[in-house]
6 protein chains.
Amino acid sequence: MTRLVEHADAPPEVRAVFDEIMAARGVADVNNFWKALALHPPTLRRTWDSLREVMAPGALDPLTKEMLYLAASAASGCAYCVASHTAAARAKGMTEAMHGELLAVIAMAAQTNRLAEALRVPVDPGFGE
Amino acid sequence: MTRLVEHADAPPEVRAVFDEIMAARGVADVNNFWKALALHPPTLRRTWDSLREVMAPGALDPLTKEMLYLAASAASGCAYCVASHTAAARAKGMTEAMHGELLAVIAMAAQTNRLAEALRVPVDPGFGE
Amino acid sequence: MTRLVEHADAPPEVRAVFDEIMAARGVADVNNFWKALALHPPTLRRTWDSLREVMAPGALDPLTKEMLYLAASAASGCAYCVASHTAAARAKGMTEAMHGELLAVIAMAAQTNRLAEALRVPVDPGFGE
Amino acid sequence: MTRLVEHADAPPEVRAVFDEIMAARGVADVNNFWKALALHPPTLRRTWDSLREVMAPGALDPLTKEMLYLAASAASGCAYCVASHTAAARAKGMTEAMHGELLAVIAMAAQTNRLAEALRVPVDPGFGE
Amino acid sequence: MTRLVEHADAPPEVRAVFDEIMAARGVADVNNFWKALALHPPTLRRTWDSLREVMAPGALDPLTKEMLYLAASAASGCAYCVASHTAAARAKGMTEAMHGELLAVIAMAAQTNRLAEALRVPVDPGFGE
Amino acid sequence: MTRLVEHADAPPEVRAVFDEIMAARGVADVNNFWKALALHPPTLRRTWDSLREVMAPGALDPLTKEMLYLAASAASGCAYCVASHTAAARAKGMTEAMHGELLAVIAMAAQTNRLAEALRVPVDPGFGE
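Definitions and cut-offs
- Residues numbered from 1 in each chain as written.
- Chains lettered and ligands numbered in written order.
- Predicted model: local features only at pLDDT ≥ 70, side-chain atom pairs only at ≥ 80, totals over all residues.
- Heavy atoms only, no water.
- Helix = DSSP H or I, 4+ residues; strand = E, 2+ residues; numbered from the N terminus.
- Buried < 20%, exposed > 50% of the residue type's maximum accessible area, 1.4 Å probe, protein only.
- Areas by Shrake-Rupley, 256 points an atom, 1.4 Å probe, with all protein chains shown as cover.
- Lys, Arg positive; Asp, Glu negative; His and termini not counted.
- Charge placed at Lys NZ, Arg CZ, Asp CG, Glu CD.
- Phe/Tyr/Trp six-rings, centres within 6.5 Å; stacked < 30°, edge-to-face > 60°.
- Least-squares fit on C-alpha atoms with pLDDT ≥ 70 in both.
- Expected span 1.5 Å × (residues − 1).
- Contact = heavy atoms within 4.5 Å.
- Buried area = accessible area lost by both parts, 1.4 Å probe.
- Salt bridge = Lys/Arg side-chain N within 4 Å of Asp/Glu carboxyl O.
- Polar contact = N/O pair within 3.5 Å; in protein donor to acceptor, adjacent residues only side chain to side chain.
- Nonpolar A, V, L, I, M, F, W, Y, C, P; charged D, E, K, R; others polar.
- Disulfide = S-S within 2.5 Å.
- Axes fitted to C-alpha atoms, helices over the stretch in contact; angles between N-to-C directions.
- Parallel < 35°, antiparallel > 145°, perpendicular 65-115°, else oblique.
- Left-handed = near helix turned anticlockwise from the far one by under 90°.

*Asks:* Looking at this structure, I do not really get the overall build of chain A. What am I missing?
*Replies:* A count of helices and strands for chain A gives six helices and zero strands. Counted from the first residue to the last, chain A has its helices and strands arranged as α-α-α-α-α-α. In chain A, buried positions account for 60% of the 129 residues. Only carbon and sulfur atoms are counted for the fraction: they give 57% of the accessible area of chain A, which is about 4500 Å². Once the 12 positive and 15 negative side-chain charges of chain A are each reduced to a mean point, those two points are 4 Å apart.

Dropping the structure here:
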C-alpha cells in the first residue's frame, strides 16, 4: 500500500493544493488519490491544475465530461479510477439507466476494437481528415 | 491485409446484414469493418444486432453515446475505431471544440489512470456501492 | 521504420540464430521480426530459444498453442503479431471456420473483461485456488 | 464494491436470465459477474445470449474455446476474468500441465508483442491476406 | 489522417507554443504531434507546459527520463511515441547497446507482468509501504 | 488466489531455482511471484534464467534497468509488478525524488501516448531508421 499523506502532516505546498481541492468541491477531506500523489508535490500541483482546467464547463457539460472520463478509465482498466469516476458521475446526475447504457457502449467498443485490430481492417478513405 | 467481402460477392446471410446497415444509415455501401467481419457471418450478424441495439437513443442521446464510444476506443488504442468513430461523432454533431475537449478528457484520464495504478491507491470508502 | 538486418550482412552470432530458424521452419529466409531483433543479438538469441521451447508440442498441440498465441496477441492489439500468428495458425491447420470462432471468442472476452472491470466484480469464493 | 443482485430480489427479466444460466450450467446460483450485470437488464440479456452462442461447440471444441477466452483475458489483464475462466477451463478438462503451457504461451506472446511494437516491425508481404 | 496545422497557418496562441518548442529544442519546425494537437489550443499549451516541466533535469538526468518515456510508450504500444522517443533518446546519447538492453527489459517486464496477472499473485507483505 | 509453492514442499527442479534466487539476492525466501510460477517448472526456470541475464549490469546500470522495468510495469497496469519493482528500485537506490520524477514521466507518456493515437499522428520522416 502506498503512503497516504494526511492534511495535518502535509508540507505547505501540498496543503495548499489540498485546500484548493476541498474548496472547489465543497468537501472536508481529499480523496486517497491526492493523498498518495503528495509523494511528489510538483506532480500533485500539475495534476490538480490540469484537472481543474480540463473538467471545467466548456463546449461539453460537466456530466458528459465525467462520463467520458469514466469510459476512458474503464477501457484502460483502472479499478480505482472506475470507482472514483463512477461516484463522481453519479454525483453530477448520472442515473442508473445512463450508467447501464454507458456500460453497454464500453462493452460494445471493447468488442469492435478487438475485432478491428484482429482483422487489421484498413481505414476507409471516407473517414476523411 | 485482411480480405474485404464486397456486397456483390457476399453470401445471402452476409448480404442481408449489409442491406440492413445501408438502410439504417442511409448509405450506399458499408464500411470496411463490416466487409472484413463477413469472414464469419454469425459474428457479423451478432455484432450488428448488438450495435444497433446499444447505440439506439435511450437515457443517453446518440451523440453522447458516440463520444463515449470514441473515448473508449481511444483509450484502448484502436486506430481504425478512432478513425471511424471520430467520423461518426462529427456526423452526429460533434464540433471541433467538443472534439478538443473530449481529447483533453481522454489525456487527463490516461494520466490519472496510470498514477493511480503506479501508486496503488486504495479505494476510498466514500465511493460507496 | 526500424533497420532490418539481412542474413548476408549479419554478424556470426545473428547468422547462427537465423540459420536455426530457417532450418527449424524449412524456410529460405526469416521474418522481419527476427531481422529487426538482430539489433540486439542477446535478445535475439534468448527470444528464439524461448520461443522454440514454448511452442514445442507438449500437453497442448502446436495448433492450439498457435491459436492461443494469436488470441493473446489480438487481445493486446499488436498488429504485426496478429498478422504473423494468423499466417502461422493457418499454416498449422486453422480453417476459416476456426478462425471465425476464435475471433468471436476474443470479441466476447473483450466485452466481458471490460464489464467485469467497470463493475469491479468481486471474485467468487467458488473459483477456488 | 458494485451492488450484486440476488435471484430473490431480481426483477422478472433478470430472473429469467439467471434461470437460463443456472439451467444451462446445472448450478444452483449464478456467478457474481451476472449479479453485477443485473444493473442493466438489457446488457445482461444481450451478454448472456451472445456468450451462449459464442461458446457453443462448433469448429472449435468447448475446452479450446475456454482456453482462448482465458488467454485473451490474461492478455488484457482482467483479474476477475482470469479467475473465472481458469476455473471454467479446469472444469472442462484443462490439466495443470496444459495450464502451465498456456501460461508459457501467454508470456511468450507478451514478450514478442512488445518487441514487435517497440521495433515497429513492418508486416512481411508473405503473411498474405 | 488528422489535420496538421503548419506554423504559417496557425492562430497566434498556437504559433506562440510552436515558437517556444522550436526555441527550446533549437529546431526549425515542430514535430507532427504538435501540429496535430493544434486542433485544440488549450490542450496544446497545457501539454507543452507539462512536458517542459516534467522533462527538465532534476533528480533524474534527461537521458534517463527519455528512456523511461520510451519504456512507458513501448509498454502501452503507441507506435508514434515509440518512433519519436527512440529518436529523442538517441539524440540524448542512447547507444545501440543501451537501446538493446532497454528493449530486453521491456520484453522481460511484459512477460512477468502477464504471468503475475494470470496467476493473480498476492502482493508480498515485505514490499512495504 | 493462486496456489503458492513453499520451498519445503517444492519438487527438486523448483527448489533448485528457488535456491539460485535466494543465493543471488541474499534473501531467506523467494517472493510470491516465484512461488506461484512453480505451477509450471519449465516456465519458472526459463523466466528466472532470462531475468538474471536481462537485469545483469551492462550498458545500463542496475538501477536504471530497475526503473525501466517499473515504468513498463506501471504503463501496463500490473499491480503486483508495480509493488515488487518499486521495492526493488528503492533497494537499489531510487530516492523519493527520483520516484516522483519517474511517476511524472509515466503520467506524461500516458497522456501523449493517448493523444498521438486519438489524433492518429503520422510518423515524422525525420525520426529516421
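Having seen the structure, we can now continue with the description.
*Asks:* Is there a simple way to think about the packing of aromatic side chains in this case?
*Replies:* Aromatic ring pairs are defined here through the distance separating the ring centres and the angle between the ring planes. In total, this model carries 24 aromatic pairs over all chains according to the counting rule given. Ring centres of Tyr80 of chain C and Phe127 of chain D lie 5.6 Å apart, and the angle between their planes is 65°; on these two criteria the pair is classed as edge-to-face. Pair noted here: Tyr80 of chain C is in helix 5 (residues 79-91) and Phe127 of chain D is in the segment after helix 6 (96-118), and the two residues belong to different chains. Residues Phe33 of chain E and Trp34 of chain E carry aromatic rings whose centres are separated by 5.0 Å and whose planes lie at 75° to one another, so their mutual orientation is edge-to-face. Taking the relative accessible area as the measure of exposure, Phe33 of chain E reaches 6% and is therefore buried. Accessibility expressed as a relative area gives 3% for Trp34 of chain E, which makes it buried. The structure contains a cluster of three or more aromatic residues connected by ring pairs, namely Phe33, Trp34, Trp48 and Tyr80 of chain A together with Phe127 of chain B.

*Asks:* Sorry, what's going on with the relation of the copies chain F and chain D here?
*Replies:* What relates the pair of chain copies is a rotation about an axis plus a shift along that axis. With an axial shift of 0.0 Å and an RMSD of 0.0 Å, the rotation relating chain F to chain D amounts to 120°. Look at the turn and shift together and you get a three-fold axis relating the two. Distance from the rotation axis, computed per C-alpha, reaches its smallest value in chain F at Gly77 of chain F: 4.7 Å.

*Asks:* So what exactly am I meant to see when it comes to helix 5 (residues 79-91) of chain B here?
*Replies:* Since the α-helix advances by 3.6 residues per turn, residues separated by three or four positions end up pointing in the same direction. Look at helix 5 of chain B: 19 Å from first C-alpha to last across 13 residues, which is about the 18 Å you get at 1.5 Å a residue. Along helix 5 of chain B, the residues that are buried comprise Tyr80, Cys81, Val82, Ala83, Ser84, His85, Thr86 and Ala89 of chain B. Residues of helix 5 of chain B that are buried sit in contact with helix 6 (96-118) of chain A, helix 2 (32-37), helix 4 (62-76) and helix 6 (96-118) of chain B together with helix 6 (96-118) of chain F. Remark: Gly93 of chain B follows helix 5 of chain B within two positions and exhibits a positive phi of approximately 115°.

*Asks:* I tried to follow the relation of the copies chain B and chain A on my own but got confused; where do I start?
*Replies:* Relative to chain A, chain B is turned by 180° and slid 0.0 Å along the rotation axis, the superposed coordinates differing by an RMSD of 0.0 Å. Taken together, the rotation and translation describe the operation of a two-fold axis. Across chain B, the smallest distance between a C-alpha and the rotation axis is recorded for Ala72 of chain B, namely 2.5 Å. A high fraction, 100%, of the interface residues of chain B reappear at the interface in chain A, so the copies pair face to face through one surface.

*Asks:* Teacher, can you tell me more about the interface of chain B and chain A here?
*Replies:* It is common to report an interface's size as the accessible area lost on association of the parts. Facing 59 residues of chain B, the contacting portion of chain A comprises 59 residues. Taking both sides of the interface into account, the surface hidden between chain B and chain A amounts to around 5500 Å²; carbon and sulfur atoms contribute 71%. Lys65 of chain B is paired through a salt bridge with Glu101 of chain A; the nearest N and O atoms lie 3.2 Å apart. In this structure, the connection of chain B to chain A is made through 20 residue pairs in polar contact (both at pLDDT 80 or more).

*Asks:* What exactly am I supposed to notice about the environment of Gly93 of chain D here?
*Replies:* Turning to its location among the elements, Gly93 of chain D is positioned in the loop between helix 5 (79-91) and helix 6. Residues Gly93 of chain D and Thr64 of chain D lie 29 residues apart in sequence; the distance between their C-alpha atoms is 9.9 Å.

*Asks:* Looking at this structure, I do not really get the interface of chain F and chain D. What am I missing?
*Replies:* Contacts between the two partners involve seven residues from chain F, matched on the other side by eight residues from chain D. Carbon and sulfur atoms supply 59% of the area buried between chain F and chain D, which totals about 580 Å² over both sides. On inspection of chain F and its partner chain D, the count reaches one salt bridge. On the surface where chain F and chain D come into contact, there are two residue pairs in polar contact (both at pLDDT 80 or more). Classifying every residue of the side of chain F that touches chain D gives two nonpolar, three polar and two charged.

*Asks:* Can you walk me through the state of the cysteines in this structure?
*Replies:* Two cysteines whose sulfur atoms are joined by a covalent bond form what is called a disulfide. Residues and elements named next belong to chain B. Inspection of every chain in the model, using the stated rule, returns six disulfides over all chains. Residue Cys78 pairs covalently with Cys81 via a disulfide, S to S 2.3 Å. With the S-S bond torsion at 55°, the cross-link from Cys78 to Cys81 turns out right-handed. In terms of burial, Cys78 and Cys81 fall into one category: buried.

*Asks:* Sorry, what's going on with the side chain of His40 of chain E here?
*Replies:* Along the polypeptide, His40 of chain E turns up in the loop between helix 2 (32-37) and helix 3 (41-55). Within the structure, His40 of chain E has its side chain in polar contact with the backbone oxygen of Gly100 of chain B (distance 3.3 Å). In this structure His40 of chain E touches Ala97, Gly100 and Glu101 of chain B, once residues within four positions along its chain are discounted.

*Asks:* What am I meant to see in the packing of helix 6 of chain A against helix 4 of chain B here?
*Replies:* Angle between the axes and distance between the axes are the two parameters that describe a pair of packed helices. At their nearest, the axes of helix 6 of chain A and helix 4 of chain B sit 9 Å apart, and the two run at 45° to each other. When the axis of helix 6 of chain A is compared with that of helix 4 of chain B, the two are oblique. Crossing of helix 6 of chain A against helix 4 of chain B: the hand is right-handed. For the pair formed by helix 6 of chain A and helix 4 of chain B, the contact residues are Glu101, Leu102, Val105, Met108, Ala109, Thr112, Asn113 and Arg114 of chain A on the first element and Lys65, Leu68, Tyr69, Ala72, Ser73 and Ser76 of chain B on the second.

*Asks:* Before we go on, may I ask you to explain the pattern of salt bridges in this structure?
*Replies:* Between side chains of opposite charge, a pair can form as their charged atoms come close. Applying the stated rule across the entire model yields 66 salt bridges over all chains. Arg3 of chain E is paired through a salt bridge with Glu96 of chain B; the nearest N and O atoms lie 3.2 Å apart. Placement of the pair is Arg3 of chain E in the segment before helix 1 (12-25) and Glu96 of chain B in helix 6, with the two residues belonging to separate chains. When its relative accessible area of 39% is taken as the criterion, Arg3 of chain E is described as partly exposed. By relative accessible area, which is 44% here, Glu96 of chain B ends up partly exposed. One salt-bridge network, held together by shared partners, links Glu20, Arg45, Asp49 and Arg52 of chain A.

*Asks:* Please clarify how the environment of Asp9 of chain F should be interpreted in this entry.
*Replies:* Along the chain, the position of Asp9 of chain F falls in the segment before helix 1 (12-25). Sequence-wise, Asp9 of chain F and Met98 of chain F are 89 residues apart; in three dimensions their C-alpha atoms are separated by 40 Å.

Taken by themselves, the reported measurements are silent on function.
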